[in-house]
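Report on the structure
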Amino acid sequence: MSLDDPRTVAPRRLGTTARTWRIAVAAAALVVLLVAQLVPTTFKNTNDWFPLGSLSQYAFATNPDGTVRSAFIIGTTADGHDVKVWLDQMGIGVGHAEIEGQLQRIVDDPELLAGVARAYAWRYPHRPPLATLTLKRSTKKLHDGRPTGDESVEVLAVYHVPAGGVQ
Amino acid sequence: MTSTLGRAGRAVGRWWLSPVALARIAVLRVALYLFTIWDIFVLTHDVIGHGYSRELYQPTLIGRILPIPEPTPTGGYVMQWTLVVTCLATPVLMACAARSFQWAGRVTGWVAGVVFLAWMENSQGFAYVSHDHMALVLALLLLPTVPPARFTDQTPSEAAGWAIRCIQIAVVMTYFGSALQKIVRTGGLFAWPNSSVIVWSLMRRGRSAVSWSIDYPGLLKVGQWILFIAELTSPVVLWIRGRLLYLAVVLVCVFHLITYIALGIHFLPTVICWLAFLPLERLVPWARRVLRIGSDDDARTAVADLPSVPAELR
């Protein structure tokens with residue numbers, strides 16, 4: 001019989017201090033996490049409490065006869081070609097939902113798109129540099145939970161990259 | 001009254017600290033630290049790009065109160081390679097017999113836990129928080145609290161039991177908490193499963209989107225109901241045992257595989273943490289027996305029926 005056999009080994013217990021802090025820390029964390037789920041968003045956005053914040057991804061109801069809106073960024077090169085800027089962790093870093101999460105901020109101050117232009121220049125050093133970035137939003141219609149094919153696009157913000165690129 | 005409260009408190013303490021074989025932690029360390037290395041180069045690689053987009057950084061609470069650096073290109077690479085080194089070193093050092101290696105392992109373990117928290121804050125601090133990483137972030141902060149352990153160490157330990165229980169609760173809360181959010185945010189029990197939220201998400205997805213399922217809104221609604229009910233009942237896995245528990249883990253994995261095929265959502269950082277529910281302590285003795293490494297006798301006793309072990313330890 002080996003020494004590792006549980007039949008020969010008594011459980012390793014913890015002392016009072018070690019037990020107390022473990023239970024206290026874990027219980028406190030669980031309470032924070034539960035409160036984060038139960039506080040109404042209108043009162044406090046507990047996403048801020050990451051990693052013990054709200055688990056709110058997709059936690060909303062959408063109307064099967066409503067519309068689906070989605071923001072995206074189009075870059076235009078100096079010679080007028082349009083490219084879609086790939087927004088996610090394998091693209092420029094900043095993600096689609098991260099642009100939408102601060103849409104109003106960008107509409108109020110289009111200069112914030114400098115961050116997108118800088119990341120694009122880093123990610124695609126061999127592609128033609130962008131002269132203009134345009135933040136757009138598409139609106140598609142749903143009927144009975146199916147897309148109808150109706151789509152409209154609006155321009156939300158335009159940013160002109162300074163000559164010589166973003167610093 | 002006091003004695004009732006005291007008894008309840010002790011019962012909760014016993015449940016939360018139920019001893020688990022140390023070898024389970026040793027195996028879990030290998031799985032979670034190696035997964036983290038893959039994660040920071042694929043799933044949360046956005047931290048590097050974020051370094052170029054500082055205008056859009058809006059730190060979450062821990063980013064404002066802890067000395068977590070703002071994302072910068074250099075900072076991103078420093079954190080990434082610190083994580084590679086510490087995540088490779090920790091599971092090895094913590095399984096060594098030499099005291100000095102074990103102490104080094106504790107240091108690299110804490111560095112990995114804290115740097116991964118900072119890394120994830122840099123990933124999430126851009127006005128959108130995804131929730132598939134909660135259990136993994138907490139697990140990397142919990143694992144260093146458990147003493148060093150060899151892959152065959154069957155000693156039941158309360159320190160290991162606490163860490164395992166906490167990871168299990170974090171996994172379950174990822175599902176149960178999100179069901180609570182669906183109820184709180186939509187203001188009713190059935191508004192969410194009856195909505196068209198999955199169609200909504202599919203229509204917004206860009207490159208690499210899986211979209212065949214968008215033509216079947218009825219099927220997607222059934223899927224929403226199954227998901228919602230599964231999330232609400234998920235805490236049950238904290239109390240079931242043995243084959244029933246393993247069956248539940250398999251069902252969860254099948255569910256995630258289906259959502260990956262139908263929607264392109266994989267949830268892997270949470271899926272890997274389901275390992276905390278499995279008897280990983282038997283893995284190395286079992287592998288030894290199958291591969292016939294070491295003496296046959298050794299292997300047989302290690303995986304033999306363990307009649308004297310209390311049921312909650314098996």
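Just so you know, these numbers come straight off a predicted model, no measurement behind them.

Per the domain assignment, the segments making up chain A are domain 1 (6–49) and domain 2 (67–160). Distance between the C-alpha centres of domain 1 of chain A and domain 2 of chain A: 40 Å.

Note: strands within a sheet are paired through backbone hydrogen bonds, in either parallel or antiparallel orientation. Here we have four strands laid out as an open sheet, ordered β2-β1-β3-β4 (chain A), and antiparallel in their pairing. Across the chains shown, the open sheet's two edge strands, defined by having one partner strand only, are β2 (82–84) and β4 (146–160) of chain A. Averaged over neighbouring strand pairs, the angle between their axes works out to 30 degrees when direction is ignored. As paired elements, strand β1 (residues 67–77) of chain A and strand β3 (residues 130–143) of chain A share 11 bridges and run antiparallel to each other. In the sheet register, A:Phe72 faces β3(A), and the bridge partner there is A:Lys136. Strands in contact with helix α4 (residues 114–123) of chain A are β1, β3 and β4 of chain A; relative to β3(A), the strand with the most contacts, it is inclined by about 110 degrees. The sheet contacts of helix α9 (residues 197–204) of chain B involve β1, β3 and β4 of chain A, and relative to β1(A) the element is tilted by about 10 degrees.

With that out of the way, let us pick up the packing of helix α2 (residues 22–41) of chain B against helix α8 (residues 158–186) of chain B. Residue and element names in this part refer to chain B. Remark: α2 packs on α8, axes separated minimally by 8 Å, with the N-to-C direction vectors making an angle of 50 degrees. As judged from the angle between their axes, α2 and α8 are oblique. Where α2 crosses over α8, the handedness of that crossing is left-handed. Note on element contacts: α8 touches α2 through Ala160, Ala163 and Ile164, opposite Leu22, Arg24 and Ile25. Tallied by class, residues from the contact of α2 with α8 come to five nonpolar, no polar and one charged.

The subject of this paragraph is the UniProt feature "transmembrane region" (unreviewed entry) in chain A. Under the UniProt annotation, the feature "transmembrane region" (unreviewed entry) is placed at residues 21–39 of chain A. In the segment residues 21–39 of chain A, helix accounts for 95% and strand for 0%; the C-alpha atoms at its two ends are 27 Å apart.

Turning our eyes to something else, we now look at the interface of chain A and chain B. Listed as interface residues are 65 residues of chain A and, on the opposing side, 72 residues of chain B. Secondary structure elements with two or more residues in the side of chain A that touches chain B: α1 (16–38), β1, α2 (96–101), α4, β3 and β4 of chain A. Of the residues contributing to the side of chain A that touches chain B, the split by class is 33 nonpolar, 18 polar and 14 charged.

Residues and elements named next belong to chain A. Of the pairings in the sheet, the one linking β1 to β2 comprises three bridges and is antiparallel in character. Its bridge partner being in β2, Gly75 is matched across the sheet by Val83. Linking β1 to β2, which pair antiparallel, is a turn of four residues; within it Gly80 sits at a positive phi near 90 degrees.

Bringing the pairing of β3(A) into the picture now. Residues and elements named next belong to chain A. In terms of strand pairing, β3 meets β4 through 11 bridges, oriented antiparallel. Of the residues in β4, the one forming a bridge with Leu133 is Tyr159. Counted between consecutive antiparallel strands, the loop separating β3 from β4 contains two residues, among which Asp144 sits at a positive phi close to 55 degrees.

Turning next to the nonpolar core. Counting 72 residues, the largest nonpolar core has B:Ala139, B:Ala163, B:Ile167 and B:Cys273 as the members making the most contacts within it. Sorting elements by how many residues they give to this core places α8(B) first, with 14 residues. Leaving out residues up to four positions away in the same chain, B:Cys273 has contacts with B:Ala135, B:Leu136, B:Ala139, B:Ile167 and B:Val171. In terms of nonpolar packing, the next biggest core, distinct from the first, is built from 25 residues, A:Ile106, A:Ala119, A:Leu130 and A:Ala157 among them.

Before going further, it helps to spend a moment on the environment of A:Ala59. Residue and element names in this part refer to chain A. Assignment of secondary structure puts Ala59 in the loop between α1 and β1. Of the residues examined, Ala59 has 22 C-beta atoms within 10 Å and is grouped as buried. Distance from Ala59 to Asp108, taken between C-alpha atoms, is 27 Å for residues 49 residues apart in sequence.

Calculation rules
- Residues numbered from 1 in each chain as written.
- Chains lettered and ligands numbered in written order.
- Predicted model: local features only at pLDDT ≥ 70, side-chain atom pairs only at ≥ 80, totals over all residues.
- Domains from an automatic or database assignment.
- Pairing = 2+ DSSP bridges.
- Helix = DSSP H or I, 4+ residues; strand = E, 2+ residues; numbered from the N terminus.
- Axes fitted to C-alpha atoms, helices over the stretch in contact; angles between N-to-C directions.
- Contact = placed C-beta atoms within 7 Å.
- Parallel < 35°, antiparallel > 145°, perpendicular 65-115°, else oblique.
- Left-handed = near helix turned anticlockwise from the far one by under 90°.
- Nonpolar A, V, L, I, M, F, W, Y, C, P; charged D, E, K, R; others polar.
- UniProt positions renumbered as here; feature names shortened; annotations may be inferred.
- Core = buried A, V, L, I, M, F, W, Y, C linked by C-beta atoms within 7 Å.
- Buried ≥ 20, exposed ≤ 12 C-beta atoms within 10 Å, placed from the backbone.

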